Amino acid sequence: MKGPLAQFGLDLKAVRWRAGTPSYREMAQTTGLSIGALSEAALGESCPSWQILCAYLGFCGVDPQDWRPRWEMLASPQQRIQAGCPVRADQRRAVSIMEPEDVRTVADFVVGLRHLRYLNDNPPLKHIASETHRGISTISELLAPGRVRLPPIDLAIAYVRALDPAAVPRWRQAWHELKIEEDAARQAAA
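Keep in mind the model is a prediction, meaning the values are calculated, not measured.

Conventions we followed
Residues numbered from 1 in each chain as written. Predicted model: local features only at pLDDT ≥ 70, side-chain atom pairs only at ≥ 80, totals over all residues. Heavy atoms only, no water. Helix = DSSP H or I, 4+ residues; strand = E, 2+ residues; numbered from the N terminus. Rg over C-alpha atoms; globule rule 2.2 N^0.38 Å. Buried < 20%, exposed > 50% of the residue type's maximum accessible area, 1.4 Å probe, protein only. Areas by Shrake-Rupley, 256 points an atom, 1.4 Å probe, with all protein chains shown as cover. Lys, Arg positive; Asp, Glu negative; His and termini not counted. Charge placed at Lys NZ, Arg CZ, Asp CG, Glu CD. 1 Å grid on protein atoms, 1.4 Å probe; cavity = no way out; pocket = protein on both sides within 12 Å on 5 of 7 lines; lining within 4 Å. Points joined across faces, edges and corners; volume = space filled by probe spheres on them. Nonpolar A, V, L, I, M, F, W, Y, C, P; charged D, E, K, R; others polar. Axes fitted to C-alpha atoms, helices over the stretch in contact; angles between N-to-C directions. Parallel < 35°, antiparallel > 145°, perpendicular 65-115°, else oblique. Left-handed = near helix turned anticlockwise from the far one by under 90°. Contact = heavy atoms within 4.5 Å. Disulfide = S-S within 2.5 Å.

K.L.:
How do you make sense of the overall build of the protein chain when you look at a structure like this?
P.N.:
A count of helices and strands for the protein chain gives twelve helices and zero strands. Walking the protein chain from its N terminus toward its C terminus, one meets helices and strands in the order α-α-α-α-α-α-α-α-α-α-α-α. On C-alpha atoms alone, the protein chain measures out to a radius of gyration of 17 Å, which is about the 16 Å that the 2.2 N^0.38 rule sets for 190 residues. With the C-alpha coordinates aligned to their principal axes, the bounding extent of the protein chain is approximately 50 × 45 × 30 Å. Taken across its 190 residues, the protein chain has 44% of its residues classed as buried. Accessible area for the protein chain stands at about 10100 Å²; split by element, carbon and sulfur atoms hold 53% of it. Where the 23 positive side-chain charges of the protein chain centre and where its 21 negative ones centre are 5 Å apart.

Structural data, given as structure tokens:
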């Protein structure tokens, strides 16, 4: 099983593992959800509802909002409506967006890249992979929450170019500023 949903499921399993691998029974008792709903969320076969994802992540001590952009990319239109997500493109643009000039951390950079996809009608990862000449798993990894290292410049720029070629200079500048900080931190630690 491959693809963004499968990776999402694997990442949820990793969150549970980092939380000490609580049993689904224990999670169900605390969250009030069924064992089946919680275990199905991490199978990677379908996108869980926002309610189930919040309960799963919250139980494991993870802020669900860190996963929200990624979830929105995988969720069905009905799931997004139920979670209160903006539906039309003009509504999505009104939501607070991480612009390249606002990027201060690698996490900000990744959130901004996810927002860029969202603002450009949320094309499937398969389409972006085709446009960038990269694999779907590479694009999914680029957008994964919790990323601590800056992605390679060529990958980040190829991704931005596939979505909004006019935004490339701004995202390139944001990447270079983060790279300077990353290199300085590495030298200070050495």
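K.L.:
What should I look at first to understand empty space enclosed by the protein in this one?
P.N.:
Regions of empty space are outlined by a rolling probe, equal in size to a water molecule, passed over the atoms. Enumeration according to the criterion identifies one cavity of 30 Å³ or more in this entry. Reported here for the largest cavity is a volume of approximately 70 Å³. Lining the largest cavity we find Pro4, Arg70, Met73, Leu74, Arg117, Leu125, Ser140 and Leu143. Ranked by residue count, the leading element in the lining of the largest cavity is helix α5 (residues 68–74), at three residues. The residue inventory of the lining of the largest cavity, partitioned by class, reads five nonpolar, one polar and two charged.

K.L.:
Can you walk me through the packing of helix α2 (residues 24–31) against helix α4 (residues 50–59) in this structure?
P.N.:
Packed helices, taken two at a time, are described by their axes: the angle between them and the distance between them. Two elements in contact, α2 and α4, have axes separated by 10 Å at closest approach and are oriented at 110 degrees. Overall, the two elements α2 and α4 adopt an arrangement that is roughly perpendicular. Along this stretch, α2 crosses α4, giving a crossing that reads as right-handed. Contacts from Tyr24, Glu26, Met27, Thr30 and Thr31 in α2 reach Ala55, Tyr56 and Phe59 in α4. A class-by-class count of the residues in the contact of α2 with α4 yields five nonpolar, two polar and one charged.

K.L.:
I tried to follow the state of the cysteines on my own but got confused; where do I start?
P.N.:
Throughout this description, disulfide means a covalent bond between two cysteine sulfur atoms. Tallying each qualifying case throughout the model produces zero disulfides. Cysteine Cys60 remains unbridged, with the sulfur of Cys54 as its closest cysteine sulfur at 13 Å.

K.L.:
Just checking my understanding: could you explain helix α11 (residues 153–163) for this structure?
P.N.:
Within an α-helix, residues lying three or four positions from one another point in the same direction, as the helix has 3.6 residues per turn. Turning to α11, its buried residues are Leu155, Ala156, Ile157, Ala158, Tyr159, Val160 and Leu163. Among the structural elements, α8 (106–119), α9 (125–132), α10 (136–142) and α12 (168–189) are those in contact with the buried residues of α11.

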